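Remarks on the overall topology
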Amino acid sequence: MRGWWRDLTDLVLPAECGGCGRPRTVLCPECRAALTGAAPSRVRPMPEPSGLPATYATAPYADEVRAMLLAHKERGALALAGPLGAALAGAVRVGVREAGWEGWEGWGRGSPQSSAQRHPDLRPTHLRPTHPRPPAQAPLLLVPVPSARATVRARGHDPARRIALAAAGELRRTGTPARVAAVLRQGRWVADQAGLNSRQRLENLAGALEVVPGGGRLLAGGPVVLVDDLMTTGATLREAARAVREAIGCEREVGATAAVYARASREGREEHTERSMENRRNMALSATRFVGVNGPDDPVCAAVIAASPDSFEINRN
């Protein structure tokens, strides 16, 4: 009851600006400009962990933006979910465009078919991506980075999932089909990240996240954007991307193996055994290429609201 009442009062009677504390407003114009006044851009922590997906952020984690995220996450200022979700949606749009997912990026300005006609793949067949693109009508999948269950209980809400839902709503309102796929979970205990350096965070999180049963099939159906409120060292997004890529790769390999066995059963197992084994090896190799990191076949990128200021300053072309 207390959580429901807090939700209602925060939405109807905002106490103060989440960025500067100005009374009687969710977010004042100056703080809103600090959040969304600049175009989202690619961010890279230093050192940049291997396996980190291409990540896009809206604003540096400082001053008013830092205050907003802390108010939403730690103090339950739930009315901030709307503007934070809109900011996250902006970073998602840039990530989709930079990833080259043109069938999805083109929504709202024309049909996916007309976009494909305007930008046909003129490369030779052997140079084209080895995996089939999901159908253009499939929605973008926003996958929030999970928090520990105990942390969610202590806060009374799941901040990453809440802003992911707000971002998906904003994307749909502007013509981009999107949905939240909360398929990641913590598979083991991890220590508190506070006070750990970048190397220690990587070690602390290595192998900690996993995709829930059945989640791989869902992830294989559309482009995946990992979403969170903040990136500092990149360790959490790196681990989330590893789990997602692994699940997608396994799903592709299982599908390829099933297709090979189905063909063998139809045309005679003995005649096609050798060929089937060769196909299985080829499909496994294709799955490995499909989950390559930051290449043309990588099915994952990431979007956050804020990142450390240094990650903007060392942006590389």
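For every chain, the first residue of the written sequence is number 1, and numbering continues from 1 onward in sequence order. Reporting in this predicted model follows two pLDDT cut-offs: at least 70 for local features of residues, and 80 or more for side-chain atom pairs to be given and counted; totals over whole chains, interfaces and linings ignore these cut-offs and use all residues. Just so you know, side-chain values use all the structure's heavy atoms and leave hydrogens and water out.

1. Brief notes about helix α4 (residues 81–99)
Put simply, DSSP H or I for four residues or longer makes a helix, DSSP E for two residues or longer makes a strand, and each gets a number counted from the N terminus. Multiplying 1.5 Å by the helix residue count minus one yields the expected span of that helix. When the terminal C-alpha atoms of α4 are compared, their 26 Å separation across 19 residues agrees well with the 27 Å that a helix rising 1.5 Å per residue should span. Just downstream of α4, Gly100 is the residue with a positive phi angle, here 80°.

2. A few points about the side chain of Asn204
Tracing the backbone through its elements, the reader meets Asn204 in helix α9 (residues 198–205). Apart from residues lying up to four places away in sequence, Asn204 is in contact with Arg188, Val190, Ala191, Gln193 and Leu196. Residue contacts are counted whenever heavy atoms from the two residues lie within 4.5 Å of one another.

3. Regarding the nonpolar core
What makes a nonpolar core is a set of buried Ala, Val, Leu, Ile, Met, Phe, Trp, Tyr and Cys residues whose side-chain atoms join them at distances within 4.5 Å. The rule is simple: take the accessible area with a 1.4 Å probe, protein chains only, and divide by the maximum for that residue type; under 20% is buried, over 50% is exposed, in between is partly exposed. Judged by nonpolar contacts, the single largest core of 39 residues is most densely connected at Leu35, Leu84, Leu88, Val92, Leu142 and Val225. Among the elements that make up this core, the one with the highest residue count is α4 (8 residues). If we ignore the near neighbours within four places in the chain, the residues touching Val225 are Val92, Val96, Trp101, Leu141, Leu142, Val143, Cys301, Ala302 and Ala303. The next biggest cluster of nonpolar side chains, apart from the first, holds 27 residues, and it includes Ala57, Val183, Leu209 and Leu237.

4. Thoughts on the pairing of strand β2 (residues 55–60)
Moving residue by residue along a regular strand, the side chains alternate between the two faces of the sheet. Summarising burial for β2: 5 of the 6 residues are buried, a large majority. Of the pairings in the sheet, the one linking strand β1 (residues 41–43) to β2 comprises 3 bridges and is antiparallel in character. Paired with Arg42 across the bridge in β2 is Tyr56. Pairing geometry for β2 and strand β8 (residues 300–307), over 5 bridges, is parallel. Directly across from Pro60, in β8, lies its bridge partner Ala307. Two strands are said to pair when DSSP picks up at least two bridges between them.

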